[in-house]
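Here are the chains, one letter per residue:
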Amino acid sequence: MNENVKEQPRKFNKERRPRNNNTKPVKTLEEKVIDINRVTKVVKGGRIFRFAAIVVVGDRKGRVGIGTGKAKEMPDAVKKATLAASKNLIKVELIDNRTISHEITVKEGAVKVMLKPAVIGTGLIAGGSVRPVLELAGYKNIRTKVIGTNNPRNVVYATIEGLKAMQTVEQVAKKRGKKVEDII
């Protein structure tokens, strides 16, 4: 090698960015636990207990999702359900940021869920498992009725299917190849 060249010691950048350990991802989705069910499996040695959870997540701006999770411990089941719900988000239309566009009835299993639009000031008239789904979707004025069983899983699935099936006037006009004024 060349003897005239001195080997330079490595220089490290002494000015480092300060560590901020509090930087966690901002949660934009709210979550609500709909139902937690303890499931028992009877085996030769006794009973094995597990938990099944149903969770709804939403941002109150038109995105909502449901998920289910099963685990040996309750918090783990809720975490799994929350993760599944955040992966299954759907976009729903909010008419005037408060209600649905038309009345719809959806059947899921032994339950029928009726969703009806309401005028300003009516509020969210919904019970059981329908209320958290509609709240986290962002609806403020809507009337609902659950007919048949009140099984939380079927009620939630029927509500989500009803919200998926909603069509705005613009979507119907585009589908029929007409103008919005012709349909109204």
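Everything that follows concerns the structure shown earlier in this document.
Residues numbered from 1 in each chain as written. Predicted model: local features only at pLDDT ≥ 70, side-chain atom pairs only at ≥ 80, totals over all residues. Heavy atoms only, no water.

**Section: the nonpolar core**
Step number 1: Of all hydrophobic cores here, the largest spans 29 residues; its most connected members are V56, V64, L115, L134, Y139 and L163.
Step number 2: Listing elements by their share of this core, those giving two or more residues are β2 (46-58), β3 (63-71), β5 (104-108), β6 (111-117), α2 (130-137) and α3 (152-165).
Step number 3: Setting aside chain neighbours within four positions, we find L115 in contact with I100, H102, E103, I104, V130, L134, R143, T144, T159, G162 and L163.
Step number 4: In terms of nonpolar packing, the next biggest core, distinct from the first, is built from 10 residues, F51, V55, A77 and V78 among them. (Core = buried A, V, L, I, M, F, W, Y, C linked by side-chain atoms within 4.5 Å. Buried < 20%, exposed > 50% of the residue type's maximum accessible area, 1.4 Å probe, protein only. Helix = DSSP H or I, 4+ residues; strand = E, 2+ residues; numbered from the N terminus. Contact = heavy atoms within 4.5 Å.)

**Some details on the environment of F49**
Step number 1: The topology assignment puts F49 in strand β2.
Step number 2: For F49, a relative accessible area of 36% translates into the label partly exposed.
Step number 3: Beyond its immediate stretch of four places on either side in the chain, F49 contacts R38, V39, T40 and K72.

**As for the sheet that holds strand β4 (residues 90-91)**
Step number 1: One open sheet holds the 4 strands; their spatial order is β1-β2-β3-β4, and the pairing between them is antiparallel. Edge positions in the open sheet fall to β1 (30-43) and β4, since each of these has one partner strand only.
Step number 2: The sheet contact formed by β1 and β2 spans 13 bridges and is antiparallel. Residue pairing in the sheet places E30 in a bridge with G58 of β2.
Step number 3: Each of β1, β2 and β3 is contacted by helix α1 (residues 74-87), which is oriented at about 145° to β3, the strand it contacts most.
Step number 4: The strands that α3 touches are β1, β2, β3 and β4; relative to β3, the one it contacts most, it runs at about 150°. (Pairing = 2+ DSSP bridges. Axes fitted to C-alpha atoms, helices over the stretch in contact; angles between N-to-C directions.)

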